[in-house]
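Structure assessment
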Amino acid sequence: MPLATAERALLDERRPLTRAEVAAVAALPLDRLPDLVALAHRVRLAYCGPEVELESLINAKSGACPEDCAFCSQSARFETGVDVYAFLDMDEVVEAARATRAAGATQFCIVVAVRGPEERLLAKVLDGVAAVHEETGLEVACSLGLLTDEQAGRLAAAGVKRYNHNLETCREVFPSICTTHTWDDRVETARRVVDAGMELCCGGILGMGETLDQRIDFAFELAALDPCEVPVNLLDPRPGTPLGDQELLSPREALQAIALFRLVLPRTWIRLAGGRERVLGELQAMGLLAGANALIVGNYLTTIGRSPGDDHALLDALGMPVADGPGEGRFVVDGAGAHARPARPQTIPLRVE
Ligand code: SF4
């Protein structure tokens, strides 16, 4: 019954679900997971189409972050053995962008481990954005932490298409994960991104001890910000961090959460990110049949991902074409390699760009 109500609301009436309707779906036993997954997939196809968008990251400045996010191996407060380096040379940034394009991704995200960018770092990032635009034509996203209005405006003026700033978890759980800044600080930056005219990429990490109910809260809190994209990381506990001994989500819990996120965020690009290999294991493909429609390809910030070739093989096997992304991507990869994409097929009836 809760699934039928959700299906009618999303697919026939084209209205968002209420918190109570989502809670009723979440209360179904995990034995009903195949039905939930099937509904999430239908919703994804109806709102977003069959395509899967690929993005690569570069960790352009690693480690030594003054913040204390309990899941993060890049915090200077924890002994994690992570690489520590200042902003990469421009050549390395451009080389990584070329590799991204060769791997079939349309988005290249420059990530730095900081609370927020100080002037010298921001200037380097802006140089990097210009170089990647010029050398590869890729769309560039950035993830530089907390921003001021002025910084958000400068990034937008430099042509940064999208800014990633995750809420990480729901409002209620956040204070147990981070004490050096607040959840509201994060929301403020998310709003600044939108006000400056960039697309907002805003998600978080599941499996940090939150309850199922809190996971649903989180999905609704994200929906309130109307992000273009929601990255869903599945906690892969990092040795040396306070969450280093956290129990992994089970694959079925993870799939349930992905599917519930799709029901709450029907139009949003839901990107499977860090932890998908370790948590989903054999059920890797199911993530893309449970409502997700985007992937990080290659490595993550501090952990190794799958090879892009494996992910392309997975998409082929699933019959899911590579998308040109939420923005106006320009490249597609097929048997002939990466080349300019023709006009995008109109498979996204309700997506608001
Ligand atoms: S998540 Fe970001 S802000 Fe938090 S410690 Fe890691 S790099 Fe710093």
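Our structure is the block above this text.
What you see is a predicted model; the values in this text were computed from it and never measured.

Attention shifts here to the nonpolar core. Grouped together as the largest cluster of nonpolar side chains are 100 residues, with contacts concentrated most on Phe71, Ile110, Cys142, Leu155 and Phe261. Contacts of phenylalanine 71, omitting those with residues within four sequence positions, involve Glu168, Ile177, Ile205, Met208, Leu235, Arg238, Thr241 and Leu243.

Below, the discussion takes up the pairing of strand β2 (residues 107-112). Within β2, 6 of the 6 residues are buried, leaving the element largely enclosed by the surrounding structure. The side-chain alternation of β2 yields two buried faces, one formed by Gln107, Cys109 and Val111 and the other by Phe108, Ile110 and Val112. Sheet topology note: the strand β1 (residues 53-61)/β2 ladder contains 6 bridges and is parallel. Considered in β2, the bridge of glutamate 55 is made with glutamine 107.

Most of strand β7 (residues 229-234) sits inside the fold, with 6 of its 6 residues counted as buried. Burial of β7 is two-sided: the residues Glu229, Pro231 and Asn233 facing one way and the residues Val230, Val232 and Leu234 facing the other way are all buried. Both strand β6 (residues 204-206) and β7 contribute to a ladder of 3 bridges, which runs parallel. Counted as the bridge partner of isoleucine 205 is asparagine 233 from β7. Chirality of the crossover, the property in question, places the unit of β6, helix α9 (residues 212-224) and β7 among those that are right-handed. Pairing of β7 with strand β8 (residues 269-272) involves 4 bridges; the strand directions are parallel. Residue pairing for β8: valine 230 is matched across the bridge by isoleucine 270. For the segment spanning β7, helix α10 (residues 251-264) and β8, crossover handedness is right-handed.

Here we come to the packing of helix α1 (residues 2-12) against helix α2 (residues 19-26). Working note: a packed helix pair is described by the angle between its axes plus the distance between those axes. It is the contact of α1 with α2, at a shortest axis distance of 8 Å, that shows an interaxial angle of 135 degrees. Judged by the angle between their axes, α1 and α2 are oblique. In this structure, α1 meets α2 at a crossing whose hand is left-handed. The segment α1 lies against α2, with Pro2, Leu3, Thr5 and Ala6 engaging Glu21, Ala24 and Val25. Grouping the constituent residues of the contact of α1 with α2 by class yields 5 nonpolar, 1 polar and 1 charged.

The rules behind the values
Residues numbered from 1 in each chain as written. Predicted model: local features only at pLDDT ≥ 70, side-chain atom pairs only at ≥ 80, totals over all residues. Heavy atoms only, no water. Core = buried A, V, L, I, M, F, W, Y, C linked by side-chain atoms within 4.5 Å. Buried < 20%, exposed > 50% of the residue type's maximum accessible area, 1.4 Å probe, protein only. Contact = heavy atoms within 4.5 Å. Helix = DSSP H or I, 4+ residues; strand = E, 2+ residues; numbered from the N terminus. Pairing = 2+ DSSP bridges. Right-handed = clockwise from strand over helix to strand, strands pointing away. Axes fitted to C-alpha atoms, helices over the stretch in contact; angles between N-to-C directions. Parallel < 35°, antiparallel > 145°, perpendicular 65-115°, else oblique. Left-handed = near helix turned anticlockwise from the far one by under 90°. Nonpolar A, V, L, I, M, F, W, Y, C, P; charged D, E, K, R; others polar.

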